[in-house]
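Below, each chain spelled out in residue letters.
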Amino acid sequence: MTTVMSRPDDEVDADKSTVGDFFLRAPAVGPAIALVVAIAIFSVASDTFLNLDNMSLVVQQSLVIGTLALGQTLIILTSGIDLANAAAAVLATLIMAKLLVGGTPGILALLLGIAATVVIGAVIGSLVTRVKLPPFIVTLGMLTILTAAAKLFADGEAVPVADGLLNWLGTRRYLFGGIEITYGMTLALVMYLVVWYALTRTAWGRHVYAVGNAPESARLSGIKVNRTILSVYAVAGLIVGIAAWQALGRVPNADPNAYMLGNLDSITAVVLGGTSLFGGRGSVIGTMMGALIVAVLRSGLTQIGVDALFQDVATGALVIAAVALDRFARRQK
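An account of the accompanying structure is given in this report.

Here is what the cut-offs are and how they apply
Residues numbered from 1 in each chain as written. Predicted model: local features only at pLDDT ≥ 70, side-chain atom pairs only at ≥ 80, totals over all residues. Heavy atoms only, no water. Helix = DSSP H or I, 4+ residues; strand = E, 2+ residues; numbered from the N terminus. Expected span 1.5 Å × (residues − 1). Phe/Tyr/Trp six-rings, centres within 6.5 Å; stacked < 30°, edge-to-face > 60°. Buried < 20%, exposed > 50% of the residue type's maximum accessible area, 1.4 Å probe, protein only. Salt bridge = Lys/Arg side-chain N within 4 Å of Asp/Glu carboxyl O.

1. Regarding helix α14 (residues 284-303)
- Taking 1.5 Å per residue, 20 residues should reach 28 Å; α14 reaches 29 Å between its end C-alpha atoms and fits that length.
- Following α14 by one or two positions, G305 has its phi on the positive side, about 90°.

2. Things to note about the packing of aromatic side chains
- Within the structure shown, the criterion is met by three aromatic pairs.
- Here W168 and Y183 contribute two aromatic rings whose centre-to-centre distance is 4.5 Å and whose plane-to-plane angle is 15°, an arrangement assigned as stacked. With W168 in the loop between β1 (159-160) and β2 (172-175) and Y183 in helix α9 (residues 183-201), the pair connects residues that are 15 residues apart, well separated along the chain.
- Classification of Y183 as partly exposed rests on a relative accessible area of 25%.
- One aromatic cluster is present, built from ring pairs that chain together W168, Y183 and W245.

3. Remarks on the pattern of salt bridges
- Within this structure, the stated rule accounts for two salt bridges.
- We note a salt bridge from R219 to E216, for which the minimum N-O separation is 2.4 Å. Placement of both R219 and E216 in helix α11 (residues 215-220) is noted, with a separation of three residues, approximately one turn of the helix.
- Here R219 falls in the partly exposed class, since its relative accessible area comes to 47%.
- E216 sits in the partly exposed class, given a relative accessible area of 43%.
- For D312, the salt bridge goes to R298, with nearest N and O atoms at 3.1 Å. With D312 in helix α15 (residues 308-332) and R298 in helix α14, this residue pair connects regions lying 14 residues apart in the sequence.
- Using a relative accessible area of 40% as the deciding quantity, one classes D312 as partly exposed.
- For R298, a relative accessible area of 27% puts it in the partly exposed group.

Take a look at the structure:
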């Protein structure tokens, strides 16, 4: 007689592990693969793509959006969204520039500009947590307000900035055989490392993920949900202020019409980086790769002669595919 041995349920479940489970456990793996594939394709399609100057330019072009995406990641991890981050950054550049023109020392102008974005983030967070308004509606309204305020404040004109401190992040240095880097790039890397540590090695980071996964369960477990969300919007505001500083380093000109699609580009970087729009899953490492994917895609398509409008089509298609993959992974789970 043949004896049929049954296996424990957990072993059966292990056999049923899906691709969706894998991407849920390691959300940064997909973006890493996509980035390598994109670089490989454009390296073959264009002789100049892997040129050191071009690769440095790609990173520099992703700098401001990548920093905005860092703050956006924190907010999306809590199931929120920020449509006003780029508008807040533009307003901060104008505040810094106008104060400088008025005779304010550069360091004070910088601090006041960053303080303005922190206050904006705190106001948004308060409306979301205290008044219980949806983040989409709050930030959409704030986008309109800040865009109008920037244009009124600047009287519709760009303000040149000629200050060593405000332009400092654009200072270039050459390392490792001629690779061009800027202080802004170094600062962005440090910020990503700090936020990564905060999310993965501190109680605050665990609370952020818990709130995004299940806010009611987080509340019942003793987590101060409103306080956590408010802190996330305030920290994101600080990051937006630093992005404004980086913008002045990239282009020493405070323009009220700059980064008109910066909010959408930051969301694109976050989504392509594997962070779920439904909250509770994602990583800042993935977001960094997502920002680089967008920059690599635009640079590569430009070099092979693809029209800018078709580049937008390709980027939009990637976003839809990334969200669809996330939805598929969650359903499989």
